[in-house]
Amino acid sequence: WRHEMLIDFSIKNYRSIKDEVVFTMLPEKKIKDSDNLLIETGIAKVPKLQKLAIIYGANASGKSNLLSAMRIMRNIIIGSARDSVKSDKLPSVPFRLSLETAEEPTVFSVQFIAEGVRYHYGFVYNEDRIIEEFLDAYPKGFKQSWFERKWNEGAYTYSFSPSFSGEKEQIKQRTRDNTLFLSKSIDDNNKMLEPVWNWFRNLSVK
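Residues numbered from 1 in each chain as written. Predicted model: local features only at pLDDT ≥ 70, side-chain atom pairs only at ≥ 80, totals over all residues. Heavy atoms only, no water.

### Topic: the sheet that holds strand E1 (residues 5–12)
Part 1: Ordered by their spatial adjacency, seven strands build an open sheet running E2-E1-E5-E6-E7-E8-E9, and the pairing between neighbours is antiparallel. Both edges of this open sheet fall to strand E2 (21–24) and strand E9 (155–160), since each of them pairs with a single strand only. Within the sheet, the average angular offset between the axes of one strand and its neighbour, ignoring direction, is 10 degrees.
Part 2: Sheet analysis places strand E5 (residues 106–114) next to strand E6 (residues 117–125), joined by nine bridges and oriented antiparallel. Residue pairing across strands places phenylalanine 112 opposite tyrosine 119, the latter belonging to E6.
Part 3: Seen against the sheet, helix H1 (residues 63–79) touches E1, E2, E5 and E6 and runs at an angle of roughly 90 degrees to E6.
Part 4: Its contacts with the sheet put helix H5 (residues 194–202) on E1, E5, E6 and strand E7 (130–138), and the angle it makes with E5 is roughly 110 degrees. (Pairing = 2+ DSSP bridges. Helix = DSSP H or I, 4+ residues; strand = E, 2+ residues; numbered from the N terminus. Axes fitted to C-alpha atoms, helices over the stretch in contact; angles between N-to-C directions. Contact = heavy atoms within 4.5 Å.)

Structure, rendered in structure tokens:
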């Protein structure tokens, strides 16, 4: 049985969250020896994760916005390649109590295990476009930067790892400003990315 697990999720500049906040399932030192609280991953560099975590804090401290951010990230991934949203704005709600961040983009990234492989995926966006997007994979314990996409001086630049297979050039051309390359690649039947896509599709955020 291959585990499907969240390692950590980070957010920056979203609703009440100004600076980077990281929610992690990595065990704290005091529970590393409590096997009943941990689950083995089969990943050498992330051998164990907590079975559960509790989010707590004062009212208006950002608890609900952390879950909201996970939900928004998933929704963008699942929905951004649909033709029905080709002219829609992205759901951007930056921290507005600071002139510094009100015009800055939102940043989401997540590390997880899908079908026994560790992945790190993230993107930076505002209401008009995806500004950056990346996917790193660790299929044999070593990092492979499968793809990276950046908006720079009015155009997107892409870089790909030799390990990343499947159509690239045509998908690049068909990926709209408000669409994720991951989502468009799945829409165009990239089999290599299916474990990543399925992890997000199966992610349940209440």
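### Some words on the pairing of E6
Consecutive side chains along a regular strand alternate between the two faces of the sheet.
Part 1: Here E6 lies mainly inside the structure; nine of its nine residues are buried.
Part 2: By the alternation rule, side chains of E6 split into Val117, Tyr119, Tyr121, Phe123 and Tyr125 and Arg118, His120, Gly122 and Val124, which are all buried.
Part 3: Bridging between E6 and E7 involves eight bridges; their strand directions are antiparallel. Across the sheet, the residue bridging to tyrosine 121 is leucine 135, located in E7.
Part 4: The loop that links E6 with its antiparallel partner E7 comprises four residues. (Buried < 20%, exposed > 50% of the residue type's maximum accessible area, 1.4 Å probe, protein only.)

### Looking at H1
Part 1: With 17 residues, H1 extends 25 Å from end C-alpha to end C-alpha; this agrees with the ideal 24 Å at 1.5 Å per step.
Part 2: Buried residues along H1 sit in contact with E1, E2, E5, E6, helix H4 (181–187) and H5. (Expected span 1.5 Å × (residues − 1).)

### Comments concerning unusual backbone geometry
Part 1: The phi angle at asparagine 13 is positive, at roughly 60 degrees, despite the residue not being glycine.
Part 2: Inspection of the secondary structure puts asparagine 13 in the loop between E1 and E2.
Part 3: With a phi angle near 50 degrees, glutamate 115 is a residue other than glycine that sits in the positive phi range.

### Some thoughts on the side chain of lysine 168
Part 1: Take lysine 168: it is sitting in the loop between E9 and helix H3 (169–174).
Part 2: Despite its burial, lysine 168 pairs with no opposite charge, the nearest such side chain being glutamate 169 at 7.8 Å.
Part 3: In this structure the side chain of lysine 168 is engaged in a polar contact, spanning 3.2 Å, whose partner is the backbone oxygen of glycine 166.
Part 4: Sequence-distant contacts of lysine 168, that is, excluding residues within four places in its chain, are made with Phe160 and Phe181. (Lys, Arg positive; Asp, Glu negative; His and termini not counted. Salt bridge = Lys/Arg side-chain N within 4 Å of Asp/Glu carboxyl O. Polar contact = N/O pair within 3.5 Å; in protein donor to acceptor, adjacent residues only side chain to side chain.)

### Points about a negative patch on the surface
Part 1: A cluster of acidic side chains, namely Asp19, Glu100, Glu103 and Glu104, defines a negative patch on the protein surface.
Part 2: Here glutamate 100 is to be found in helix H2 (residues 99–102).
Part 3: Since its relative accessible area comes to 57%, glutamate 100 is described here as exposed. (Patch = residues over 30% accessible without salt bridge, like charges linked within 9 Å, V, L, I, M, F, W, Y side chains within 5 Å. Areas by Shrake-Rupley, 256 points an atom, 1.4 Å probe, with all protein chains shown as cover. Charge placed at Lys NZ, Arg CZ, Asp CG, Glu CD.)

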